[in-house]
Amino acid sequence: MILEDQYFLGYRSAEHERLQAQAEDFQSEAAWLFDQVGPLDGKTVVELGVGPRGCLDELARRVGPDGTVIGVEREAESVELARKFVVDRTLDNVDVRHGDARATGLPGDSFDLVTERLILHNVPRPEEIVAEAVRLARPGGWVAFHEGDRVGQVCDPPAESWTRLMDVLKRYADRNTIDLFVGRRLPGLLRRAGLVDIQVRPVVYIDHEPGHPRRVVLADFAENLRDRLIMSELITREEFDDLHAALRRHLVDPGTTVISHLYVQAWGRKPG
Ligand SMILES: C[S@@+](CC[C@H](N)C(=O)[O-])C[C@H]1O[C@@H](n2cnc3c(N)ncnc32)[C@H](O)[C@@H]1O
């Protein structure tokens, strides 16, 4: 089964909740990345693919009352959740728009910062989103991305359920031209899109204590994809359910350590 322009993680309500918790968890990494582009007071920022929250609160605080943050998201329910987040937090300088990060319809050469987090490793044709980000940035403005690469995502001790489900997920992504290893391509994608002064920072987590939601992320992702994997005939329903239950048991076991995938933060300036 190949779905045109598929979004890998799907839109279960459990996935929305996971993204909200993850946004909280990534707060310090987001802050670090935005520190690299200098003060944003009074500036205009676009965040692409905000999901139910993204970095909207961090950006709103940084641009202050004289600045503006536009969030763009293509899934209607995420847009509603992000708008609710904006109202609940009284983020008066934030506007969440329902739209496509590949063709936002926003004016080009206009924004001081264009940012996104974790869209590219979940969709086909990442270069189109990079091109739109660069188009939106003003000459001299910044583009700052935070992406994923599944290199090095392992558990210890190893488990058959992990290895088999990881393999099925990778084969499914390949079939749908989604690059789960796009993080390593990020600096090159930014450079080819015309940015200069590109810098990169790797981020990785080692979760050895039980309880952190990141430990079970592979099981969460597999669950998001369950029906699509079965329909694709990459795995039977029975095998999936057995492996998935075994994987969850393994990941919540206090004796298991999980090393996250590699996150790649890369940022650069548009010449001008
Ligand atoms: C993994 S989530 C990350 C959400 C948010 N950036 C964060 O880090 O908390 C990726 C989001 O990108 C959105 N997305 C995927 N393709 C998109 C596109 N072409 N235009 C706008 N949003 C898109 C998805 O709907 C999803 O909400």
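Our subject is the structure that appears above.
A brief structural summary. These numbers come from a predicted model, not from an experiment. (Residues numbered from 1 in each chain as written. Predicted model: local features only at pLDDT ≥ 70, side-chain atom pairs only at ≥ 80, totals over all residues. Heavy atoms only, no water.)

### Considering the packing of aromatic side chains
- The full count for this structure, using the stated rule, is six aromatic pairs.
- The interplanar angle of 25° and the centroid separation of 4.9 Å between the aromatic rings of Tyr7 and Tyr11 together place this pair among those described as stacked.
- Classification of Tyr7 by relative accessible area gives buried; the value is 14%.
- Measuring from centroid to centroid gives 5.6 Å for Trp32 and Trp267, while their planes differ by 80°, and the two rings are edge-to-face. On the criterion of sequence distance, the pair formed by Trp32 in helix H2 (residues 27-35) and Trp267 in strand S10 (residues 262-269) is long-range, its members being 235 residues apart. (Phe/Tyr/Trp six-rings, centres within 6.5 Å; stacked < 30°, edge-to-face > 60°. Buried < 20%, exposed > 50% of the residue type's maximum accessible area, 1.4 Å probe, protein only. Helix = DSSP H or I, 4+ residues; strand = E, 2+ residues; numbered from the N terminus.)

### Observations regarding the environment of Leu190
- If you trace the backbone, Leu190 turns up in helix H7 (residues 186-192).
- Leu190 sits in the buried class, given a relative accessible area of 0%.
- In this structure the C-alpha to C-alpha distance between Leu190 and Val168, which are 22 residues apart in sequence, comes to 30 Å.
- Sequence-distant contacts of Leu190, that is, excluding residues within four places in its chain, are made with Val130, Val143, Phe145, Leu195, Ile198, Ala266 and Trp267. (Contact = heavy atoms within 4.5 Å.)

### Concerning empty space enclosed by the protein
- Here the structure, examined in full by the defined rule, presents four cavities of 30 Å³ or more.
- By volume, the largest cavity is sized at about 480 Å³.
- If you go around the largest cavity, you meet 36 residues; those closest to its centre are Tyr7, Gly49, Arg117, Leu118 and Ile119.
- No other element matches the seven residues that helix H1 (residues 13-25) contributes to the lining of the largest cavity.
- Its residues assigned to classes, the lining of the largest cavity shows 15 nonpolar, twelve polar and nine charged.
- As a volume, the second largest cavity reaches approximately 110 Å³.
- Arg18, Ala21, Gln22, Asp25, Phe26, His212, Pro213, Arg214 and Val217 together form the lining of the second largest cavity.
- Looking at which element gives the most residues to the lining of the second largest cavity, the answer is H1, with four residues.
- Here the residues of the lining of the second largest cavity sort into four nonpolar, two polar and three charged. (1 Å grid on protein atoms, 1.4 Å probe; cavity = no way out; pocket = protein on both sides within 12 Å on 5 of 7 lines; lining within 4 Å. Points joined across faces, edges and corners; volume = space filled by probe spheres on them. Nonpolar A, V, L, I, M, F, W, Y, C, P; charged D, E, K, R; others polar.)

That's the geometry; what it means functionally is another story.
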